[in-house]
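Summary of the model geometry
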Amino acid sequence: MPTDDFTLFVSDLHLAPAQPVLTRRFVRFCHEIAPSASALYVLGDLFDFWIGDDTLDDPLHREVCGALRSVAGAGVAVRFMVGNRDFLAGDAFAAASGAVPIADPTMIDLHGTPTLLMHGDSLCTDDHAYMAFRAQVRNPKVQAQFLAMPVAVRWQQVGATRDASEREKQAKTMDIMDVATAAVEEVLRANGYPRLIHGHTHRPAVHEHVVDGRRCERWVIADWRADLAEALRVDARGVSRLPLPL
Ligand code: LP5
Ligand code: MN
């Protein structure tokens, strides 16, 4: 298997108009690095907030969709999983970006290694307040009501929700906001003990889980910051972290 056959994973970029440096970096990544890959997987929270596909004309959204489209146009399989910030990205976003939606979780084979892809938030099962919130906002009826509101009202609600979330996070321990080992073990067991790749926690690391005597690696992707960003690169030799240029 040639080592130039590689797959890239990014997550938690949190692209937002207030952080143009991140968007510049993403566009550069899409033009200079991603076109050489066989596939690019975006594993959630590409956007800091996505309040509906009717905002596709926002300058940031146009720029990001254009960049992704150019990757897809180069023959790269571009795949997109939603995160807890951009789960309202739907069919119109997919059409505009050329990124094909994938479910959370999704199992793929990478050079013979079964690999499970997730955003990671659904593994934070000790965070009961978040799990209740998640169940509520993933309810299609709640989403339809939200999407029926004017954009300005949606932004107000998202702002209030973000503030409430930030307040509540202050009172939570780091342990509670991390993935729960029991949830990780359950998903590994249910999927035949694969390698797991996820984001969400912003705690880049590689963990080893021994489940029913089977050894599984769990790779946590880093979030993007003004001074540091990375992609995970997987080729026939394994997984590595690829620092991205400013
Ligand atoms: O995102 P992150 O990593 O900072 O925190 C998450 C959890 N918080 C969230 C909330 C988002 O950050 C902000 C809202 C996104 C809105 C998406 C847009 C579309 C909305 C569509 C609605 C149908 O995901 C945080 C976890 C943390 O990860 C670690 O896993 O702890 O969870 C919380 O903080 C949730 C709170 O504990 C409970 C929720 C409080 C919200 C109450 C809403 C009140 C305002 C209502 C206004 C109308
Ligand atoms: Mn997230």
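Just above, that's the structure.
The sections below set out a description of the structure shown in this document. The written sequence of each chain sets the order in which its residues are numbered from 1. Whichever chain is written first is A, and whichever ligand is written first is 1; the rest continue in order. Residue-level local features of this predicted model are given only where pLDDT is at least 70; pairs of side-chain atoms are given and counted only at 80 or more, and the full residue set underlies all totals for whole chains, interfaces and linings. No hydrogens and no water enter the side-chain calculation; it runs on all heavy atoms of the structure.

**Thoughts on the nonpolar core**
Note on terminology: a nonpolar core comprises buried Ala, Val, Leu, Ile, Met, Phe, Trp, Tyr and Cys residues joined through side-chain atoms within 4.5 Å. Remark: exposure states derive from per-residue accessible area (1.4 Å probe, protein chains only) relative to the maximum for the residue type, with buried under 20%, exposed over 50%, and partly exposed in between. L15, F26, F29, L40, L46, F93 and W224 are the most contacted members of the largest nonpolar core, which totals 42 residues. Helical segments are the DSSP runs of H or I of at least four residues, strand segments are the runs of E of at least two, and each set is numbered from the N terminus. At the level of secondary structure, the elements contributing two or more residues to this core comprise strand 1 (7-10), helix 1 (20-32), strand 2 (39-43), helix 2 (59-73) and strand 3 (77-81). No other element matches the six residues that helix 2 contributes to this core. Of all hydrophobic cores here, the second largest spans 15 residues; its members include F9, I102, L110 and I197.

**Observations concerning the side chain of R195**
Summarising the element assignment, R195 is placed in strand 7 (residues 195-198). Within the buried set, R195 has no salt-bridge partner at all; the shortest N-O distance to an opposite charge, 4.8 Å, is to E217. Between N or O atoms, a polar contact is any pair within 3.5 Å; within protein, one atom must be a potential hydrogen donor and the other a potential acceptor, and residues adjacent in sequence are included only when both atoms are from side chains. Side-chain polar atoms of R195 contact the side chain of T115, separated by 3.1 Å. Residues are treated as being in contact if the distance between any of their heavy atoms lies within 4.5 Å. Beyond its immediate stretch of four places on either side in the chain, R195 contacts L110, T113, P114, T115, L116, E217, W219, V234 and V239. Residues counted as positive are Lys and Arg, residues counted as negative are Asp and Glu, and His and the chain ends are not counted. Salt-bridge detection follows one rule: a side-chain nitrogen of Lys or Arg within 4 Å of a carboxyl oxygen of Asp or Glu.

**Concerning the environment of G159**
Residue position: G159 is located in helix 6 (residues 151-170). A sequence separation of 42 residues divides G159 from T201, and the C-alpha atoms of the two residues are 21 Å apart.

**Points about the coordination of the manganese ion (ligand 2)**
Coordination sphere of the manganese ion (ligand 2), protein contribution only: D45 (OD), N84 (OD1), H119 (NE2) and H200 (ND1), at 2.0 to 2.3 Å. Metal coordination here is assigned from N, O and S atoms located within 2.8 Å of the ion, or within 3.2 Å for Na, K and Ca; omission of water means that sites may look incomplete. Between the donor residues of the manganese ion (ligand 2), the gaps in sequence give the motif D-x38-N-x34-H-x80-H. Taken together, the residues span a long stretch of sequence, with D45 in the loop between strand 2 and helix 2 and H200 in the loop between strand 7 and strand 8 (205-211) at a distance of 155 residues. The same class applies to D45 and to H200, which are both buried.

**What to know about the sheet that holds strand 9 (residues 214-220)**
With respect to topology, five strands assemble into an open sheet ordered 5-6-7-9-8, the strand pairing being mixed. The open sheet is flanked by strand 5 (106-110) and strand 8, the only strands paired with a single partner. Here the strands of the sheet are splayed against their neighbours by 25 degrees on average, with no regard to which way each runs. For two strands to be treated as a pair, DSSP must find at least two bridges joining them. Of the pairings in the sheet, the one linking strand 7 to strand 9 comprises three bridges and is parallel in character. Bridged to H198 within strand 9 is V220. Angles shown run from 0 to 180 degrees and are taken between the N-to-C directions of axes, each axis being a line fitted to C-alpha atoms and, for helices, limited to the stretch in contact. Sitting on the sheet, helix 8 (residues 181-190) is in contact with strand 6 (113-117), strand 7, strand 8 and strand 9, with an inclination near 70 degrees to strand 8.

**What to know about the site of ligand 1**
Any residue with a heavy atom lying within 4 Å of a molecule or strand is counted as near it. Within the structure, ligand 1 sits among 26 residues, and N84, R85, D127, E168 and K169 are positioned closest to it. In the environment of ligand 1, an oxygen atom lies 2.6 Å from a nitrogen or oxygen atom belonging to the side chain of E168. Between ligand 1 and the protein, one listed contact pairs an oxygen atom with a side-chain N or O atom of H200 at 2.9 Å. Residue-level accessible areas treat just the shown protein chains as cover; the underlying method is Shrake-Rupley with a 1.4 Å probe. Surface burial for ligand 1 is 84%, taken as the share of its 1,100 Å² of free accessible area covered by protein chains. Those elements that provide at least two residues to the shell around ligand 1 are helix 4 (128-137), helix 5 (140-147) and helix 6.

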